[in-house]
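# Notes for the structure review
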Amino acid sequence: DTAVSQTPKYLVTQMGNDKSIKCEQNLGHDTMYWYKQDSKKFLKIMFSYNNKELIINETVPNRFSPKSPDKAHLNLHINSLELGDSAVYFCASSQETQGFGNTIYFGEGSWLTVV
Amino acid sequence: KNQVEQSPQSLIILEGKNCTLQCNYTVSPFSNLRWYKQDTGRGPVSLTIMTFSENTKSNGRYTATLDADTKQSSLHITASQLSDSASYICVVSGGSWGKLQFGAGTQVVVTP
């Protein structure tokens, strides 16, 4: 049973296109996240939702728009893709928000390549 | 400047040997420190979580230590196995919102 699943795993697309990455968690967690891992391997938080409400929105271009239809799903839509958007995007979830000492469970990642 | 620094950047060890990875942080106020293992092409998996009052925590052959006074942590791998080859990421929670600050990771390669 996959705890945090995201699709697609690989995505190659042209500049200017719009694409979405979907994420679902079956752990019953209240909080979900999107992280970006760049070429230097740093993970940086982009967004965090708690019970479908946006609680963290880091300095991310407004071309990125998260959507949480319910607390088990957090999708990421990206408009007008740019070369610099190429990265690995990780969805994650935890029972409470990240400040508490609870485990954060990550998905397998979505490799986005913009050409 | 990143608030979580890890060393070494990479490490090659022989199967069966031990190794220790270091993490220094400047995140303040401090909430907790986590170590994650990330296999190539996979998502990070939690190994340990330590709060201010905990000095050491083990998970199988992985033992993490924390010195909150000097703001240092280490991850010790005992009797390494080929499956230990991965990136090990130190993550510190603190500051505003308990925000997680990630280190760049130490790439460990275990050779036969």
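Look above for the structure.
Here's what I pulled together on the structure shown here. Predicted, not measured: the structure shown is a model, and the values here were computed from it.

## A look at the interface of chain A and chain B
- Counting from both sides, the interface comprises 20 residues of chain A and, opposite them, 21 residues of chain B.
- Here chain A and chain B share an interface that buries about 1700 Å² over both sides, 55% of which is from carbon and sulfur atoms.
- Scanning the region where chain A abuts chain B turns up one salt bridge.
- Where Arg-42 of chain B meets Glu-108 of chain A, a salt bridge forms, and the shortest distance between an N and an O atom there is 2.1 Å.
- Residue composition of the side of chain A that touches chain B, by class: eight nonpolar, seven polar and five charged.

## Focus: the pairing of strand 6 (residues 53-57) of chain A
- With four bridges connecting them, strand 5 (residues 43-50) of chain A and strand 6 of chain A associate as antiparallel partners. What sits directly across from Tyr-49 of chain A, in strand 6 of chain A, is Leu-54 of chain A.

## Section: the sheet that holds strand 3 (residues 19-25) of chain B
Residue and element names in this part refer to chain B.
- Taken in spatial order, the five strands make up an open sheet running 1-3-8-7-6, and their pairing is antiparallel. Of all the strands in the sheet, the pair left with one neighbour each is strand 1 (4-7) and strand 6 (56-59). Geometrically, the sheet is characterised by an average inter-axis angle of 15 degrees between neighbouring strands, direction not taken into account.
- Strand direction decides the pairing type here: strand 1 and strand 3, joined by four bridges, are antiparallel. Note that in strand 3 the partner of Gln-6 across the bridge is Cys-23.

## Considerations on the nonpolar core
- Membership of the largest hydrophobic core comes to 24 residues, with the highest contact counts inside it found for Tyr-25, Leu-33, Trp-35, Leu-75, Tyr-88 and Val-92 of chain B.
- In contact with Leu-75 of chain B, not counting residues within four places along its chain, are Cys-19, Thr-20, Leu-21, Trp-35, Leu-47, Tyr-62, Thr-63, Ala-64 and Tyr-88 of chain B.
- Formed by 19 residues, the second largest nonpolar core is a distinct cluster that contains Val-4, Cys-23, Phe-64 and Leu-74 of chain A.

## Looking at the state of the cysteines
- In this structure the tally under the stated criterion is two disulfides over all chains.
- With no disulfide of its own, Cys-19 of chain B lies 15 Å from the sulfur of Cys-90 of chain B, the closest cysteine sulfur.

Parameters and conventions
Residues numbered from 1 in each chain as written. Chains lettered and ligands numbered in written order. Predicted model: local features only at pLDDT ≥ 70, side-chain atom pairs only at ≥ 80, totals over all residues. Heavy atoms only, no water. Contact = heavy atoms within 4.5 Å. Buried area = accessible area lost by both parts, 1.4 Å probe. Salt bridge = Lys/Arg side-chain N within 4 Å of Asp/Glu carboxyl O. Nonpolar A, V, L, I, M, F, W, Y, C, P; charged D, E, K, R; others polar. Pairing = 2+ DSSP bridges. Helix = DSSP H or I, 4+ residues; strand = E, 2+ residues; numbered from the N terminus. Axes fitted to C-alpha atoms, helices over the stretch in contact; angles between N-to-C directions. Core = buried A, V, L, I, M, F, W, Y, C linked by side-chain atoms within 4.5 Å. Buried < 20%, exposed > 50% of the residue type's maximum accessible area, 1.4 Å probe, protein only. Disulfide = S-S within 2.5 Å.

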